[in-house]
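# Chain and residue survey
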Amino acid sequence: MGLGDAVGGAGHGEGLRRRRARDTEDGGLLAAEGHGERELVAVVVADQVVGAGEADVVGLPPLAHRPRRPPLDAEPDVDRPRRQGGGHGELLPRPGPRRSFSRSGYETAKKAQEDLDRVRALLDLPDGDDADGQVRIGDLLENVSKDKKAPLPDLEQTRRRFRAGQSLTSRLTVGDWLDEWLEAKRRRKTTLTGYASHIRVHLRPRIGHLQLDRLNVGHLVELFDAINDNNEAIEAENEERREQERRATWGKRSRPPESETARLAAERERLAAMPPYRRVTGPATQQRIRATLRSALNTAISNQMLTFNPASHVELASGKRPKALLWTAEHVERWRATGEKPSGVMVWTPVQVGKFLDHAEQDRLYALFCLIAFRGLRRGEAVGQAWPDIDLANGTLRVSKTIIQDGWTPVESLPKTEDSQAVIALGPAMVETLREHRQRQALERAVCEEKRLPWTDTGKVFVQEDGTWLHPEKVSDVFRRLTREADLPPINLRDLRHVAATLIHAGGGDLHAIKETLRHGTIQLADDTYTSLLPQVDQEVARKAESVVPRARRSGVSSTAAHAPLTQEP
């Protein structure tokens, strides 16, 4: 039996031995020994408890009690009738019937006393005139008493939450709070999709079951350690698939002989049974996962549900993007030999850009690739560009809309940031390319109308053959196909934006020109991301650096004279 309540069931039976364990200043502690366990059967606690012992069950008179501070609504002790046959520890009442706290099953009186001391400490948290606080503590103990096996609330944690005005009885889990937080968010659709993905794939499966107010840094360290362990498994599976692909491929231009045909067929069957390639959750993605959780927990702190954000104190690897590298001849040679890219971000040289555009000139999306390569539009911005936002007469283009993917479905929205909504200049060649593209589009529309096929006038610069929106991923597919056909080293479509920055720099533009054209918020961002200098530019910088120092050396002096003076008279 237990704390604050005298319950008679376990006290019956022959051979039960009874003895008083201890009397306390604030109440009584009664232990009944029998049937292999000791049970605390009566407790009176200061301020909150007004009951006594169990005379009918254990055959002892009720314990007197002398609380330090009587409850605000308590009558004098001499006038309060004692409950016989079931002494209860009563919690300070809220509107309605009095409530009691009970706890049983203690093996020793010492353990029962330890819990009694903790209950007293919890009841002492509110001041004597804090009726609301006393009711909150009473609510907490009442909830705990419903589960006889549940541990008593941690004193320090309860004190912290009590002083912060947080709920003491909430059992909200991390997963439930993340769902509630996401439901209330008002952001761009793609941002919400990213949040939902982080919650569904990483956060809810690993920490969603934890109680929100008990989440700590250790839980999050385990979360990201598990992600890294999974990354190692993914990399191993991907490597096994690459090796199997090599075994299943005839590496010569000629047809394989009959002796190899059966082997290759068997290797391809084994390849088909292997799991597909999967992406690892890299440092940048882990940083975004933590940012999602940190934002959700900050909202919980604002709502006085937490006092500490563990996501702000987890150390992760840097999520910085790799520096862009140029596809120099040495890098291209190594890529052709090994198939490995030197960096995650590669940039074509001007010669390679020219080769690609020459090959793509007859493609209906040629103008789109020119806009990205020379003016640095993002893929969604190029696909979402409308004719009314282009002034060919004055050579300007206004970025005002973007078409992005929500899952697979294309949706129209505002550009990524406010800085992205800007007017950029178009060169004469770009203006002429757009004029030709508009003529091509008008011809496609005329052909559709002549064949009595539907044409949708969306007003977009780049559309499908029937005028409907162009899917962003289709643009990437076309780009990859043209790159392979031109026999060029691979880059991603987004890397054409890096090409634009590099070409602007090679043409004499400074960081400010790159920032304004690519519509970045700060020059530092442009400096960190886009200034991969061309070898020709490096050579020009070196030449100009040498020309700063005046020299008097005669033009005919041999550079092999080891001890020749650095300056000579003319």
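Here the structure is shown first, and the text comes after it.
Analysis parameters
Residues numbered from 1 in each chain as written. Predicted model: local features only at pLDDT ≥ 70, side-chain atom pairs only at ≥ 80, totals over all residues. Heavy atoms only, no water. Helix = DSSP H or I, 4+ residues; strand = E, 2+ residues; numbered from the N terminus. Buried < 20%, exposed > 50% of the residue type's maximum accessible area, 1.4 Å probe, protein only. Phe/Tyr/Trp six-rings, centres within 6.5 Å; stacked < 30°, edge-to-face > 60°. Lys NZ or Arg CZ within 6 Å of the ring centre and 35° of its normal. Pairing = 2+ DSSP bridges. Salt bridge = Lys/Arg side-chain N within 4 Å of Asp/Glu carboxyl O. Core = buried A, V, L, I, M, F, W, Y, C linked by side-chain atoms within 4.5 Å. Contact = heavy atoms within 4.5 Å.

## Quick word on the environment of N298
The topology assignment puts N298 in helix α9 (residues 283-302). Considering only alpha carbons, one finds N298 and S312, 14 residues apart in sequence, at a separation of 9.5 Å.

## Some details on unusual backbone geometry
The phi dihedral of R452 falls on the positive side, at around 60 degrees, and the residue is not glycine. Under the relative-accessibility criterion, R452 is labelled exposed at 78%. Residues other than glycine seldom take positive phi values, yet D487 does so here, at roughly 55 degrees. Looking at the secondary structure, you find D487 in the loop between α15 (472-485) and α16 (495-506). Among the residues examined, D487 registers a relative accessible area of 45% and is labelled partly exposed.

## Some details on the packing of aromatic side chains
Following the criterion strictly, the structure yields seven aromatic pairs and no others. Their ring planes at 75 degrees and their centres at 5.7 Å tell us that F356 and F369 sit as a pair that is edge-to-face. With a gap of 13 residues between them, F356 in helix α11 (residues 350-360) and F369 in helix α12 (residues 366-375) connect regions that are remote in the sequence. Each member of the pair F356 and F369 is classed as buried. Sitting over the face of the ring of Y277, R241 holds its NZ or CZ atom 5.4 Å from the ring centroid.

## As for the sheet that holds strand β9 (residues 396-398)
Spatially, three strands are ordered β8-β9-β12 in an open sheet, and the strand pairing comes out antiparallel. Each of the sheet's edge strands pairs with one partner strand only, and the pair in question is β8 (390-391) and β12 (423-425). Relative to β12, β9 runs antiparallel, the two sharing three bridges. Bridging across to β12, L397 finds its partner in I424.

## A short note on the pattern of salt bridges
All chains considered together, the criterion is met by 24 salt bridges. Between R159 and E156 there is a salt bridge whose closest N-O contact spans 2.6 Å. Taken together, the residues span about one helical turn, with R159 and E156 both in helix α4 (residues 155-163) at a distance of three residues. With a closest N to O distance of 2.7 Å, E260 and R263 form a salt bridge. On the criterion of helical spacing, the pair formed by E260 and R263 is a turn pair, its members being three residues apart in helix α8 (residues 258-273). A network of salt bridges, in which partner residues are shared, links R379, E473, D477 and R480.

## Topic: the nonpolar core
Across soluble globular proteins, nonpolar side chains have a tendency to be buried as a group. In this structure, W348, F356, L368, F369 and L496 are the most contacted members of the largest nonpolar core, which totals 49 residues. Within the residue set of this core, elements represented by two or more residues are α10 (329-338), β7 (346-347), α11, α12, α13 (379-383), α14 (428-450), α15 and α16. If you tally residues by element for this core, the top one is α12, at eight residues. Non-local contacts of W348, meaning those with residues more than four positions away in its chain, are made with L326, W327, V353, F356, F479, T483, L488, P489, I491, L496 and V499. One finds L203, L210, I289 and A311 within the second-largest nonpolar core, a separate group that totals 23 residues.

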